[in-house]
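Examining the three-dimensional arrangement
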Amino acid sequence: MAADWKQKCDSEWQLGAHGVPMPDSVDWKSVFEKKPFERNLLQNPSPYGVNHTIPPPEPPRSGMPPPPNQPPQFEPDGNFSGWKSSTEVLPYDTSGIPPGVVVCHLPQYRWFSLEQCVDLKAEGLWDQLLDDFQPEIIIEDWYEESQLHKSIYQLDVKLLGADGKTVIKQHTYNPEENLECYSHTWKKVSHVFSKYGSGVRYIHFLHRLKNQFMIEFFNTKVTDSSIIIKTSKASKK
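A brief report on the enclosed structure follows. (Residues numbered from 1 in each chain as written. Predicted model: local features only at pLDDT ≥ 70, side-chain atom pairs only at ≥ 80, totals over all residues. Heavy atoms only, no water.)

Section: the overall build of the protein
To keep things clear, this is the line we draw: Numbering goes from the N terminus for both helices and strands, where a helix is a DSSP run of H or I of at least four residues and a strand is a run of E of at least two. Only protein chains enter the accessibility calculation, which uses a 1.4 Å probe. A residue is then buried if its area is under 20% of the maximum for its type, exposed if over 50%, and partly exposed in between. We call two residues in contact when some of their heavy atoms are within 4.5 Å. The Shrake-Rupley method, run with a 1.4 Å probe, gives the accessible areas here. Residue values count only the displayed protein chains as cover.
In terms of regular secondary structure, the protein is built from three helices and nine strands. Ordered by position from the N terminus, the helices and strands of the protein form the series α-α-β-β-α-β-β-β-β-β-β-β. Here the protein holds 237 residues, and 43% of them are scored as buried. The contacts of the protein with a sequence gap of at least 6 include a subset with a gap of at least 24, amounting to 80%. Accessible area of the protein: about 12,600 Å², with a carbon and sulfur share of 52%.

What about the packing of aromatic side chains?
Note the threshold: Pairs were defined over the aromatic rings of Phe, Tyr and Trp, the Trp ring being its six-membered one, requiring ring centres within 6.5 Å. Orientation was assigned from the angle between planes: stacked under 30 degrees, edge-to-face over 60, tilted for the rest. In this analysis the charged atom, NZ for Lys or CZ for Arg, is taken to sit over a ring once it is within 6 Å of the ring centre and within 35 degrees of the ring normal.
For the structure shown, the criterion picks out nine aromatic pairs. When the ring of Trp13 is compared with that of Phe37, the centres are 5.2 Å apart and the planes differ by 65°; the resulting orientation is edge-to-face. Of this pair, Trp13 sits in helix H1 (residues 2-13) while Phe37 sits in the loop between helix H2 (28-34) and strand S1 (84-89), and the two are 24 residues apart along the sequence. Residue classification places Phe37 among the buried positions, given a relative accessible area of 3%. Every member of this aromatic cluster is reached through a ring pair, and the members are Trp5, Trp13, Trp28, Phe32, Phe37 and Trp126. The aromatic ring of Trp5 is capped on one face by Lys8, whose charged end is 4.2 Å from the ring centroid. Positioned over the ring face of Phe32 is Lys35, at 3.8 Å from the centre of the ring.

Remarks on the pattern of salt bridges
Short version of the rule: Each reported salt bridge corresponds to a side-chain nitrogen of Lys or Arg within 4 Å of a carboxyl oxygen of Asp or Glu.
Scanning all chains against the criterion turns up twelve salt bridges. Across the salt bridge formed by Asp127 and Lys121, the nearest N and O atoms sit 3.0 Å from each other. With a relative accessible area of 28%, Asp127 lands in the partly exposed category. Relative accessible area serves as the criterion here: at 40%, Lys121 is assigned to the partly exposed category. What emerges from the salt-bridge pattern is a single network uniting Lys121, Asp127, Asp131 and Arg201.

Quick look at the nonpolar core
What counts, and what does not: Only buried Ala, Val, Leu, Ile, Met, Phe, Trp, Tyr and Cys residues count toward a nonpolar core, and they belong to the same one when joined by side-chain atoms within 4.5 Å.
Counting 45 residues, the largest nonpolar core has Leu15, Trp28, Leu120, Trp126, Ile137 and Ile227 as the members making the most contacts within it. Of the residues forming this core, the biggest block, four residues, is contributed by strand S4 (residues 153-160). Not counting residues up to four positions away in its chain, the partners in contact with Trp126 are Leu15, Val20, Pro21, Pro23, Val26, Trp28, Val31 and Phe37.

Remarks on unusual backbone geometry
We note that Gln14 has phi near 55°; this positive angle belongs to a residue other than glycine. By secondary structure assignment, the location of Gln14 is in the loop between H1 and H2. Residue Gln14 is classed as partly exposed on the basis of its relative accessible area, which comes to 41%. In the Ramachandran plot, Gln134 falls in the positive-phi region, its phi being about 50° despite a non-glycine side chain. Residue placement: Gln134 occurs in the loop between helix H3 (127-133) and strand S3 (137-144).

A short note on the pairing of S4
Where we set the bar: When DSSP locates at least two bridges between a pair of strands, those strands are taken to pair.
In terms of burial, S4 is a largely internal element, eight of the eight residues being buried. The alternating pattern of S4 places Tyr153, Leu155, Val157 and Leu159 and Gln154, Asp156, Lys158 and Leu160 on opposite faces, both of which are buried. Pairing geometry for S4 and strand S7 (residues 202-214), over eight bridges, is antiparallel. Of the residues in S7, the one forming a bridge with Leu155 is His207. For S4 and strand S5 (residues 167-173), the ladder comprises six bridges, and the chain directions are antiparallel. In the strand pairing of S5, Val157 is matched with His171. Between the end of S4 and the start of S5, which pair antiparallel, lie six residues, with Gly164 showing a positive phi angle near 75°.

Let's talk about the side chain of Ser46
Under the convention used in this document: We call two N or O atoms a polar contact when they sit within 3.5 Å, provided that within protein one can donate a hydrogen and the other can accept it, with sequence-adjacent residues counted only if both atoms are side-chain atoms.
Mapped onto the elements of the fold, Ser46 is located in the loop between H2 and S1. Within the local environment of Ser46, its side chain forms a polar contact with the side chain of Thr223, the two groups lying 3.1 Å apart. Of note is the side chain of Ser46, whose polar atom sits 3.1 Å from the side chain of Asp224. Once residues within four sequence positions are removed from consideration, Ser46 is found in contact with Thr223 and Asp224.

Quick look at the structure:
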């Protein structure tokens, strides 16, 4: 029976043809049921309920305060289950205000962080695959070009060891936006981890989105985040 499950896995993903180690000690029934390859390992990849194939909705910019019976909004709306979220309030920027000038309203910016940690072995991968074959780990993300600020998005992805703390490989991305040209679209972010070395057991995925409050609340959305393990294009050491 164990050999049958091993054969099913080989047929499903052509593991042997790609040189993937397939030791008998692996629970092949569990691997087949968890299907760790070619699927998104992140939970709830579109927490704002939108996707990158449809243009992001234009935010209301009436400039009017909320009705008296409606409290002002400070946090984004969405279903953030599966994500650990946190908010960092940034200090007001008064650097461009001349001395003595009275300003009624200044924008207040906040970083809104969403993060997940993926346990690769719990998802169905095994030691020899991760250590010897080192399959490609493909990261993809889409963020809204909200134009709230020159810096509205940050990505930090870490490949971690068995202790969940040791960083074996890391990729960070912190773009700057062109505020002179308005093009309210989705921007793709991607990265491929390969030949990252042995010992990887977890992937920590974190992105930060900049929100703004000035009379009204405006946020930067993200969608279609993914971590996918490949076998067909994986690179051996």
